[in-house]
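Overview (structure and organization)
Okay, here's what each chain looks like letter by letter:
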Amino acid sequence: MSLYALQKLLYELNRDPAVQEAFATDRETVLGRYRLTDEEADAMRRDDVGKLYILGVNGQILMHFAAWRGLSWDEYIATMKDALAEHGQVRGGIYAAVDGGAGGAL
Amino acid sequence: MSLVFAGIMSHGPGMTARADRADPAVRDPFFAALDRLRSELEDSRPDAIIVIAAEHFANFFMNNMPAYSIGMAEDYEGPIEDPDWLRIERRRIPGNPDLSRRIISGAMKQVDVAYAEEWKFDHGIMVPLSFLTPRFDLPVIPANINCQGPPLTPLSRAYEFGRAIRAACDAVPERIALMGTGGISHWPATPNSGKINEEWDREFLSRWSRNDRSGLTSYSDEETLRDAGQGGFEIRTLIAVAGACEGHGGEIWFCEPIPIFATSGFAGVMDVSEAAAAKAA
């Protein structure tokens, strides 16, 4: 489980325009700098925000990343709900869904 | 001098990013309460404002996470979020490094505080400032309590952090305003975003307005997570303001659930006047 490394990558992406630029132009090189599992790297390759949520990325880190990747608020919430239905409960961190992911304001 | 103003308010990014989607019947009186905060803040003629916030990985990460940190920079940049998403333009906000240094030195006598000469603001500070100092012209001293990456500081220590800030403010000649921002119950950035435990919020804020130290600090993190969500861990910021105003009570001006803001909109103040202290004594 390298959730720490995955979150560190996202943390640095969120706050550093230079890392964002590198990610946009040569994503593989940026991903290679972090000790990600194959599953994590794959989610990052596909901008799979829903899967990143299931993998346990802190919601505050993920919300910023989702905004940067151009997801609207409704898309962001819907992506997490879809991922919950597909993959089941969040696997780590403190942002697990409650009530089966039901409710919430879109 | 000392504290000339002390208040609390919510800071959800939805307050600016999704303001147009909130029910006007609730949103408008909430924003009116925030405007009243702005007005009282201005009337207190502060030289600087200390914002006790719960940042969201804008500056600090689990490679070296301070329980408490205070900024000591010339200026601060924010927001780190996409400005079009947050609907707050990116800008530099003035600091006051000399005053920061004296506040930090004073607070260190009671609490071990990290300091930071570099600090980027996220919505946790930018959203409150956009309502309180819309021209972003009042020097800010940011203070952070780790509410995101456990292990988290105990609530009793958050109260002590507030007391330490108060003692530091008492020892400088400047007029200082204090604002605590953080969620009460909420499940932000989850599929449940918009879930709010209104009863829990009202009970917490009732304890806050009475400055009921033992009541405020009696929640276990397990209880908070169950009843108030992971966002509830941010009560540390509000408890710190109570600590800074020990011996004073306050008022909650507004508290209503606003699901699209992912939290209750709330605003409150402590009466920091000498008369209030004398009355409490």
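Quick caveat: nothing in here was measured; it's all calculated off a predicted structure. (Residues numbered from 1 in each chain as written. Chains lettered and ligands numbered in written order. Predicted model: local features only at pLDDT ≥ 70, side-chain atom pairs only at ≥ 80, totals over all residues.)

Brief notes about the overall build of chain A
Put simply, the rule is: Put simply, DSSP marks the helices as runs of H or I at least four residues long and the strands as runs of E at least two long, and each gets a number from the N terminus on. Taken over C-alpha atoms, the radius of gyration is set against a globule rule of 2.2 Å times the number of residues to the power 0.38. Here a residue counts as buried when 20 or more other C-beta atoms fall within 10 Å of its C-beta, as exposed when 12 or fewer do, and as partly exposed in between; the C-beta atoms come from the backbone. A pair of residues counts as a contact when their C-beta atoms, built from backbone coordinates, are within 7 Å of each other.
The helix and strand inventory of chain A stands at seven helices and zero strands. Along its sequence from the N terminus, chain A presents helices and strands in the succession α-α-α-α-α-α-α. Taken over the C-alpha trace, chain A has a radius of gyration of 13 Å; the compact-globule value for 106 residues is 13 Å, and the two agree within 12%. Oriented by its inertia axes, the alpha-carbon framework of chain A measures out at about 40 × 30 × 20 Å. Burial status across chain A gives 43% buried among its 106 residues. Within chain A, contacts between residues separated by at least 24 positions form 64% of all contacts whose residues are at least 6 apart in sequence.

Considerations on the nonpolar core
The criterion, for reference: Joining buried Ala, Val, Leu, Ile, Met, Phe, Trp, Tyr and Cys residues through C-beta atoms within 7 Å gives a set, and that set is a nonpolar core.
One finds Leu62 of chain A together with Ala6, Ile165, Leu178 and Val241 of chain B to be the most contacted residues of the largest nonpolar core, which totals 121 residues. It is helix α6 (residues 155-170) of chain B that contributes the most residues to this core, eight residues altogether.

Looking at the interface of chain B and chain A
Frequently, the measure chosen for interface size is the accessible area that the parts lose on association. Stated formally: For this classification, the nonpolar set comprises Ala, Val, Leu, Ile, Met, Phe, Trp, Tyr, Cys and Pro, the charged set comprises Asp, Glu, Lys and Arg, and every other residue, Gly included, is treated as polar.
Opposite the 25 residues of chain B that make contact, chain A presents 28 residues. Here the residues of the side of chain B that touches chain A sort into 13 nonpolar, seven polar and five charged.

Some words on helix α4 (residues 97-107) of chain B
Residues and elements named next belong to chain B. Stated formally: Each direction from the helix axis to a C-beta atom contributes to the arc, which is the arc of those directions.
What α4 keeps buried is the set Leu99, Ser100, Ile103, Ile104 and Ala107. Angular distribution of buried residues about the axis of α4 spans 130°; they occupy a single face of the element. The inward-facing, buried residues of α4 abut β2 (48-53), β3 (68-71), β6 (114-116), β7 (140-145) and α6.

A closer look at the sheet that holds β2 of chain B
Residue and element names in this part refer to chain B. Note the cut-off: Pairing between two strands requires that DSSP report at least two bridges joining them. Only the stretch in contact is used when fitting a helix axis, every axis being a line fitted to C-alpha atoms; angles between N-to-C directions are given from 0 to 180 degrees.
Read across the open sheet, the eight strands follow the order β6-β3-β7-β2-β8-β1-β10-β9; overall the sheet is mixed. Where the open sheet ends on each side, the last strands, each with one partner, are β6 and β9 (250-258). Mean inter-strand twist for the sheet, computed between neighbouring axes without regard to direction, equals 15°. Pairing between β9 and strand β10 (residues 263-270): eight bridges, direction antiparallel. Each residue of the ladder has a partner; that of isoleucine 258, found in β10, is threonine 263. In the packing of α6 onto the sheet, the strands contacted are β1 (3-9), β2, β3, β7 and β8 (176-181), and the crossing angle to β7 comes to about 160°.

A closer look at α6 of chain B
Residues and elements named next belong to chain B. What counts, and what does not: Each helix should span, by expectation, one fewer than its residue count multiplied by 1.5 Å.
With 16 residues, α6 extends 23 Å from end C-alpha to end C-alpha; this agrees with the ideal 22 Å at 1.5 Å per step. Counting buried residues in α6 gives twelve out of 16 residues, a clear majority hidden from the surface. Restricting attention to buried positions, one finds in α6 the residues Leu155, Arg157, Ala158, Tyr159, Glu160, Phe161, Gly162, Ala164, Ile165, Arg166, Ala168 and Cys169.

Examining the packing of helix α1 (residues 3-15) of chain A against helix α6 (residues 59-68) of chain A
Residue and element names in this part refer to chain A. To keep things clear, this is the line we draw: Each angle is binned into one of four classes, with values under 35 degrees roughly parallel, values over 145 roughly antiparallel, values of 65 to 115 roughly perpendicular, and all other values oblique. Helix crossings fall into two classes, left-handed where the near helix is turned counterclockwise from the far one by less than a right angle and right-handed where it is turned clockwise.
One can describe the packing of α1 onto α6 by two numbers: an axis separation of 9 Å at closest approach and a directional angle of 55°. On the basis of their axis angle, the class for α1 and α6 is oblique. Crossing hand, α1 versus α6: left-handed. Listed contacts from α6 to Gln7, Leu10, Tyr11, Leu13 and Asn14 of α1 are Ile61, His64, Phe65 and Trp68.

Re the pairing of strand β4 (residues 75-78) of chain B
All names here are of chain B. Residues Tyr76 and Gly78 of β4 are buried on one face, while the alternating residues Asp75 and Glu77, pointing to the opposite face, are not. Across four bridges, the pairing between β4 and strand β5 (residues 91-94) is antiparallel. Looking across to β5, one finds that glycine 78 is bridged to arginine 91.

Things to note about the pairing of β10 of chain B
Residue and element names in this part refer to chain B. Among the eight residues that make up β10, eight are buried, leaving the element largely enclosed by the rest of the structure. In this structure, β1 lies alongside β10, joined through four bridges in antiparallel fashion. Counterpart to methionine 9 in the pairing with β10 is alanine 267. Following β9, the chain reverses through four residues before pairing antiparallel with β10; alanine 262 in that reversal takes a positive phi of roughly 70°.

Here we look at unusual backbone geometry
Of note, the amide linkage connecting glycine 78 of chain B to proline 79 of chain B takes the cis form, showing an omega dihedral of 0°. Among the structural elements, proline 79 of chain B can be located in the loop between β4 and α3 (83-86). Proline 150 of chain B connects to proline 151 of chain B through a cis peptide bond whose omega is 5°. For proline 151 of chain B, the location among the structural elements is in the loop between β7 and α6. In this model, aspartate 99 of chain A sits at a positive phi of 55°, which is unusual for a non-glycine residue. Assignment of secondary structure puts aspartate 99 of chain A in the segment after α7 (73-87).

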